[in-house]
Amino acid sequence: MKLKKMKNDIAIFTPMANEEKNAKKIILELLSYKKFFRKFKYFIIIDKISTDNTYKIVKQIEKKNKSLKVIWAPNNKSIVDAYMQGYKNCLKTNYNWILEIDAGGSHQPKDLLVFLKFMNNKYDCIFGSRFCSGGKMINSNFIRYFFSKGGSLISKVFFKMRISDTTSGYQMFQRKIVKKILKRKLLSKDRFFQTEIKIYTRAKKIKEVPIKYICKTHSLSFFSIIESIYLLIVIRLFKKNYY
């Protein structure tokens, strides 16, 4: 597929911790795609959870790339705090699209190219999906696949959502949606926040695009599973469900 430079502006962020082996690769690959955008900014969010040389490595890359900004966020208390820091910094750019992508090699930077053609006013949210046509979940054991796929199915029992993957974290929003996410605040303190956002945005103009997800870990925390079930019930019973 031949791609041309777009009129869109994009701000991207990645929370990063203990990724000294992978940091340079993902950062340089994402920076290589800035040629497809009118304006491009990439934020790395790092906090005290990271105890290796990740911060030192990304700061060295930052010195050579004006499109990269490293954010030190020592007050983060959870993974959700790290993502909220990412959203806040992306909003400061005033760019019209904001993308989140994980570090560690699970999310493939080149899948950003799949998002490109849908970055228009027809859509408010573009969600990367492992389970839609063309999507893949690679190197996963049965337990990890069961909870990822099962979590999506259970979420759709509680809420009418027009997507096949409700737990993916590779996703893009127009800035007006991110403003609402920050204003509303999220209940989750763990990975369920990805599903929580999709619950609240399910009435928006949504596009689901296939991604290739490479599973790097095969375990799930018990807290994460319990929190997911608990919050599905709480949101269904007590909370206003739309942005």
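These notes cover the structure that comes with them. Because the structure is predicted, anything quoted here is derived from the model rather than measured.

1. Describing the overall build of the protein
Counting secondary structure elements, the protein contains eight helices and nine strands. In summary, the protein has a C-alpha radius of gyration of 17 Å against a globular reference of 18 Å for 243 residues, a match within 12%. With the C-alpha coordinates of the protein rotated into their principal frame, the extents come out at 50 × 40 × 35 Å. In the protein, buried positions account for 55% of the 243 residues. In the protein, 83% of the contacts between residues at least 6 apart in sequence involve partners at least 24 apart. Carbon and sulfur atoms form 55% of the exposed surface of the protein, whose accessible area is close to 12,500 Å².

2. Observations concerning the pattern of salt bridges
Per the stated rule, a full pass over the model turns up six salt bridges. Salt-bridge contacts for arginine 38 lead to aspartate 9; the nearest nitrogen and oxygen are separated by 2.9 Å. A residue pair is termed long-range when its members are at least 10 positions apart, and arginine 38 in the loop between α1 (23-31) and β2 (39-46) and aspartate 9 in strand β1 (residues 9-15) qualify at 29 residues. A residue is classified by how much of its surface remains accessible, and aspartate 9, at 8% relative accessible area, is buried. For arginine 191, the salt bridge identified is with aspartate 102, shortest N-O distance 3.5 Å. Taken as a pair, arginine 191 in the loop between α6 (175-184) and α7 (193-200) and aspartate 102 in the loop between β4 (97-100) and α4 (112-116) lie far apart in primary sequence, 89 residues in all. Under the relative-accessibility criterion, arginine 191 is labelled partly exposed at 40%.

3. Notes on the sheet that holds strand β8 (residues 206-210)
If you walk across this open sheet you meet the seven strands as β3-β2-β1-β4-β7-β5-β8, and the pairing is mixed. Of all the strands in the sheet, the pair left with one neighbour each is β3 (68-72) and β8. Adjacent strand axes in the sheet meet at a mean angle of 20 degrees when their direction is disregarded. With four bridges joining them, β1 and β4 adopt parallel strand pairing. Bridge pairing links isoleucine 10 to tryptophan 97 in β4. Seen against the sheet, α1 touches β1, β2 and β3 and runs at an angle of roughly 165 degrees to β2. Sheet strands in contact with helix α2 (residues 54-63) are β2 and β3, and its direction is about 150 degrees off that of β3.

Here is what the cut-offs are and how they apply
- Residues numbered from 1 in each chain as written.
- Predicted model: local features only at pLDDT ≥ 70, side-chain atom pairs only at ≥ 80, totals over all residues.
- Heavy atoms only, no water.
- Helix = DSSP H or I, 4+ residues; strand = E, 2+ residues; numbered from the N terminus.
- Rg over C-alpha atoms; globule rule 2.2 N^0.38 Å.
- Buried < 20%, exposed > 50% of the residue type's maximum accessible area, 1.4 Å probe, protein only.
- Contact = heavy atoms within 4.5 Å.
- Areas by Shrake-Rupley, 256 points an atom, 1.4 Å probe, with all protein chains shown as cover.
- Salt bridge = Lys/Arg side-chain N within 4 Å of Asp/Glu carboxyl O.
- Pairing = 2+ DSSP bridges.
- Axes fitted to C-alpha atoms, helices over the stretch in contact; angles between N-to-C directions.

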